[in-house]
Amino acid sequence: MSDRISSFVIPRFYQTAIALGSNLGDSAETLEKALQTLDHIPEIRVKRRSSWYKTAPIGPAQPDYLNACALLEVQLTPYQLLQTLLNVENQFGRVRQERWGPRTLDLDLILFEDFILETPDLQVPHPRMSERAFVLVPLAEIAPHWIDPISGKTIAELLEQVERSGAVT
Ligand SMILES: Nc1ncnc2c1ncn2[C@@H]1O[C@H](COP(=O)(O)O)[C@@H](O)[C@H]1O
Ligand SMILES: Nc1nc2c(c(=O)[nH]1)N=C(COP(=O)(O)OP(=O)(O)O)CN2
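Note that the structure is a prediction, hence the values are computed from the model and not measured. (Residues numbered from 1 in each chain as written. Chains lettered and ligands numbered in written order. Predicted model: local features only at pLDDT ≥ 70, side-chain atom pairs only at ≥ 80, totals over all residues. Heavy atoms only, no water.)

### Regarding the nonpolar core
Part 1: Ranked by internal contacts, the top residues of the largest apolar core, which has 25 residues, are Ile-18, Leu-20, Leu-81 and Leu-109.
Part 2: When residues of this core are traced back to their parent elements, those giving at least two are strand S1 (14-22), helix H2 (27-39), strand S4 (65-74), helix H3 (78-91) and strand S5 (106-112).
Part 3: Here this core takes 5 residues from S4, the largest share from any one element.
Part 4: What Leu-81 contacts, discounting residues up to four positions off in sequence, is Thr-16, Ile-44, Leu-72, Val-74, Leu-76, Leu-109 and Phe-112. (Core = buried A, V, L, I, M, F, W, Y, C linked by side-chain atoms within 4.5 Å. Buried < 20%, exposed > 50% of the residue type's maximum accessible area, 1.4 Å probe, protein only. Helix = DSSP H or I, 4+ residues; strand = E, 2+ residues; numbered from the N terminus. Contact = heavy atoms within 4.5 Å.)

Pasting the structure below:
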């Protein structure tokens, strides 16, 4: 076997968690189709998905959101996954206007194995994950025992600490 071939490393699948949100258009259809779109990408497998949760908006006045989380296995780096999520948002007509404003589709990278990444373009775990019931409620449904590498707490433990009045099924 040549040196080039013997040094080739087949990338393994990584476990990741993403959050989905939508409050413009037919949000249920958008979340469903966004997961289908991700699952059709060869390097991504959607392994689990939460229920859809209707949630009160955090930020400026706008319609209620539909939020969810999903567990993915990806054969991508965190940066490739972020770029893929941004591309799918664009496919679903995402327009960026005001901060925390309404959107057809938002896909956030929440956890990537137990990696901690603090770069200008990508922070993992998602820096506002532990203060958001609209992330923790769906994530606790599908991954209650996943440990947040920043706090050392499980998702279920983080959920116990968060104000959850805005999250309703
Ligand atoms: N963990 C992250 N998930 C998604 N986007 C992230 C993350 N860390 C940094 N970013 C940056 O945020 C913008 C997207 O903002 P949204 O309003 O959430 O769509 C993106 O350009 C990333 O570079
Ligand atoms: N109920 C609810 N409220 C929200 C939601 C959401 O999904 N559900 N997303 C927001 C903004 O998220 P964005 O990804 O733009 O901001 P971030 O960089 O702080 O995550 C702002 N407010």
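### Considering the site of ligand 2
Part 1: Contacts to ligand 2 come from 14 residues, most closely from Thr-55, Ala-56, Ile-58, Arg-128 and Arg-132.
Part 2: Here a nitrogen atom of ligand 2 sits 2.7 Å away from a polar atom, N or O, in the main chain of Ala-56.
Part 3: Interatomic distance of 3.1 Å between a side-chain N/O atom of His-126 and an oxygen atom of ligand 2.
Part 4: About the coverage of ligand 2: the protein hides 90% of its 490 Å² of free accessible area. (Near = heavy atom within 4 Å. Polar contact = N/O pair within 3.5 Å; in protein donor to acceptor, adjacent residues only side chain to side chain. Areas by Shrake-Rupley, 256 points an atom, 1.4 Å probe, with all protein chains shown as cover.)

### Considering H2
Part 1: Its 13 residues place the ends of H2 18 Å apart at the C-alpha level, agreeing with the 18 Å of an ideal helix rising 1.5 Å per residue.
Part 2: Burial in H2 covers these residues: Ser-27, Thr-30, Leu-31, Ala-34, Leu-35 and Leu-38. Each buried residue of H2 sits inside an arc of 130° when the element is viewed along its axis, so together they form one side.
Part 3: Buried residues in H2 make contact with S1, strand S2 (44-49), S4 and H3. (Expected span 1.5 Å × (residues − 1). Arc of directions from axis to C-beta.)

### Here's the deal with the environment of Asn-90
Part 1: With respect to the helices and strands, Asn-90 occurs in helix H3.
Part 2: Spatially, the C-alpha atom of Asn-90 lies 9.4 Å from that of Thr-104, the residues being 14 residues apart in sequence.

### Considering helix H4 (residues 133-142)
Part 1: Burial analysis of H4 places 8 of its 10 residues in the buried class, which makes it a mostly covered element.
Part 2: Among all positions of H4, only Ala-133, Val-135, Leu-136, Val-137, Pro-138, Leu-139, Ala-140 and Ile-142 are buried.

### Notes on the packing of aromatic side chains
Part 1: Counted by the stated rule, this structure contains 3 aromatic pairs.
Part 2: Aromatic pair Tyr-14 and Phe-112: ring centres 5.4 Å apart, planes at 35°, arrangement tilted. Highlighted residues: Tyr-14 in strand S1 and Phe-112 in strand S5, separated in sequence by 98 residues.
Part 3: The buried category is assigned to Phe-112, whose relative accessible area is 1%.
Part 4: Between the aromatic rings of Phe-112 and Phe-115, the centroid separation amounts to 5.1 Å while the plane-to-plane angle is 45°, which identifies the pairing as tilted. (Phe/Tyr/Trp six-rings, centres within 6.5 Å; stacked < 30°, edge-to-face > 60°.)

### What to know about the site of ligand 1
Part 1: Surrounding ligand 1, one finds 11 residues, the nearest of these being Arg-96, Asp-108, Leu-109, Asp-121 and Gln-123.
Part 2: Between an oxygen atom of ligand 1 and a side-chain N or O atom of Asp-108, the distance comes to 3.0 Å.
Part 3: Considered on its own, ligand 1 offers 480 Å² of accessible surface; in the complex 74% of this is hidden by protein.
Part 4: Taken together, the elements giving at least two residues each to the shell around ligand 1 come down to H3 and S5.
Part 5: Ranked by residue count, the leading element in the shell around ligand 1 is S5, at 3 residues.
Part 6: Here the shell around ligand 1 is composed, by residue class, of 3 nonpolar, 2 polar and 6 charged. (Nonpolar A, V, L, I, M, F, W, Y, C, P; charged D, E, K, R; others polar.)

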